Amino acid sequence: MPTWFITGCSTGLGRALAEAVIGAGHNAVVTARDITNVADLADLAPDRVLPVTLDVTQPDQIGSATRQALDRFGAVDVLVNNAGYGYRAAVEEGDDAEVRTLFETHFFGAVAMIKAVLPGMRERRRGAIVNISSIGAQVTPAGSGYYSAAKAALEGMSGALRSELAPLGISVTIVEPGAFRTDFAGRSLRQSAVPIDDYAGTAGQRRKENDTMHGNQAGDPAKAAAAIVAAVEASEPPAFLLLGPDALALYRYTADARASEIAKWEEVTSGTDFD
């Protein structure tokens, strides 16, 4: 049976995915910075579930978690880079240290996890990597510039990685969820400490104190988890998977707006070659 390694399983989509994978009869390495938040998942199937402490910004913990997975199950067949959190701030408001930590988690942590499992996948000539992004990477809403940038970096890397690994029998899938009923806009959400009044009508509308989304999202994390499992198990896993009708509508709106802008400036775009 395949072994899934999922980062960020304490709540939300990561936990729903862990439950779906366990329910499907697969082995699961379930991780969280505080292992007590995932210990109960082992009760679902003690012989198939390994809870592990993992902060993806800590290289030693990545090495330890990977070794534990290999010692217990012999291989990692599916890696899901899900660990992360929301960060909201106008670009000018963003704290440099907080932004670097955001990228360490969403981008560099994911890269480190990929590098940890790829040697085994390459040796076996099979495997799947799933990187959880966000529709925010396309929409780039005011107040989420840094979060969108971190996810866009993850997507850019993933596209190249897919081309590199396809000949080796390893798939790479980017998942862009819309709004799902998780802790993303609640407990897990971080934001700049000091708002700037000039951004109250733009980035300020996405601050915790002004956000009415939390607890009202239409997306069901259990259904999202089932969709991810189905995508990984498909004969040809998708390169790109949108989750949620809101994500689909926003993607199409953004694509149409971009196409319109390209058409408006087409003459200028096409006039830059040497005569």
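Preceding this section is the structure that the text describes.
Here the structure is a predicted model, which means the values were calculated and not measured. (Residues numbered from 1 in each chain as written. Predicted model: local features only at pLDDT ≥ 70, side-chain atom pairs only at ≥ 80, totals over all residues. Heavy atoms only, no water.)

Engineer: How would you summarise the overall build of the protein chain if you had to cite specific residues and measurements?
Structural biologist: Assigned secondary structure in the protein chain consists of eight helices and nine strands. Against the 2.2 N^0.38 benchmark of 19 Å for 275 residues, the protein chain shows a C-alpha radius of gyration of 20 Å, consistent with a compact globule. Residues classed as buried in the protein chain amount to 46% of the 275 residues present. Look at the contacts in the protein chain between residues 6 or more apart in sequence, and 68% of them connect residues 24 or more apart. With the model as given, the accessible surface of the protein chain reaches about 13,700 Å², and the carbon-plus-sulfur share is 53%. Distance from the positive charge centre (24 side chains) to the negative charge centre (34 side chains) of the protein chain: 6 Å. (Helix = DSSP H or I, 4+ residues; strand = E, 2+ residues; numbered from the N terminus. Rg over C-alpha atoms; globule rule 2.2 N^0.38 Å. Buried < 20%, exposed > 50% of the residue type's maximum accessible area, 1.4 Å probe, protein only. Contact = heavy atoms within 4.5 Å. Areas by Shrake-Rupley, 256 points an atom, 1.4 Å probe, with all protein chains shown as cover. Lys, Arg positive; Asp, Glu negative; His and termini not counted. Charge placed at Lys NZ, Arg CZ, Asp CG, Glu CD.)

Engineer: Please provide a residue-by-residue account of the pairing of strand β9 (residues 240-243), values included.
Structural biologist: Here β9 shows a buried face lined by Leu241 and Leu243 and an unburied face lined by Phe240 and Leu242. The pairing of strand β7 (residues 170-177) with β9 spans four bridges and is parallel. Looking at the pairing, Pro177 lines up with Leu243 of β9. (Pairing = 2+ DSSP bridges.)

Engineer: Pulling in residues and values, what's your account of the pattern of salt bridges?
Structural biologist: Considering all chains together, one arrives at four salt bridges under this definition. Of the charged contacts, one joins Asp40 and Arg15 as a salt bridge, the two residues approaching to 2.2 Å between their closest N and O atoms. Linking Asp40 in the loop between β2 (27-32) and β3 (49-53) with Arg15 in helix α1 (residues 12-23), this pair joins segments that are 25 residues apart in sequence. Judged by relative accessible area, which is 17%, Arg15 ranks as buried. One salt bridge in this structure joins Glu93 and Arg207, with 3.9 Å as the shortest N-O distance. Of this pair, Glu93 sits in the loop between β5 (87-88) and α3 (96-124) while Arg207 is found in the loop between β8 (190-191) and α6 (221-233), placing the two residues 114 residues apart along the sequence. A cluster of three or more residues bridged by salt bridges with shared partners is formed by Arg15, Glu19 and Asp40. (Salt bridge = Lys/Arg side-chain N within 4 Å of Asp/Glu carboxyl O.)

Engineer: With reference to specific residues and values, describe the nonpolar core.
Structural biologist: Ranked by internal contacts, the top residues of the largest apolar core, which has 32 residues, are Trp4, Ile6, Leu17, Val30, Leu41, Val80 and Ile228. Within the residue set of this core, elements represented by two or more residues are β1 (3-6), α1, β2, β4 (78-81), β6 (127-132), α6 and β9. Formed by 29 residues, the second largest nonpolar core is a distinct cluster that contains Val29, Ala69, Met113 and Met121. (Core = buried A, V, L, I, M, F, W, Y, C linked by side-chain atoms within 4.5 Å.)

Engineer: Could you give an account of the sheet that holds β6, with specific residues and numbers?
Structural biologist: Taken in spatial order, the seven strands line up as β3-β2-β1-β4-β6-β7-β9 in an open sheet, and their pairing is parallel. Each edge of the open sheet is held by one strand with a lone partner, namely β3 and β9. Going across the sheet, the axis of each strand differs from the next one's by a mean of 15°, ignoring polarity. Here β6 runs beside β7; their pairing, made up of six bridges, is parallel. Bridge assignment links Val130 to a residue of β7, and that residue is Thr173. Sheet strands touched by α3: β1, β4, β6 and β7. Its angle to β4, the strand with the most contacts, is close to 175°. (Axes fitted to C-alpha atoms, helices over the stretch in contact; angles between N-to-C directions.)

Engineer: How would you sum up the packing of α3 against helix α5 (residues 145-165)? Please name residues and give values.
Structural biologist: Working note: a packed helix pair is described by the angle between its axes plus the distance between those axes. The contact between α3 and α5 brings their axes to 8 Å, and the two run at 20°. By the angle between their directions, the pair α3 and α5 is classed as roughly parallel. Read as a crossing pair, α3 and α5 show a hand that is right-handed. Side by side, α3 and α5 meet where Val99, Leu102, Phe103, His106, Phe107, Ala110, Val111, Ile114 and Leu118 of the first sit next to Tyr146, Tyr147, Ala149, Ala150, Lys151, Ala153, Leu154, Met157, Leu161 and Leu165 of the second. By residue class, the composition of the contact of α3 with α5 is 17 nonpolar, one polar and one charged. (Parallel < 35°, antiparallel > 145°, perpendicular 65-115°, else oblique. Left-handed = near helix turned anticlockwise from the far one by under 90°. Nonpolar A, V, L, I, M, F, W, Y, C, P; charged D, E, K, R; others polar.)

By themselves, these observations are geometric and do not establish any function.
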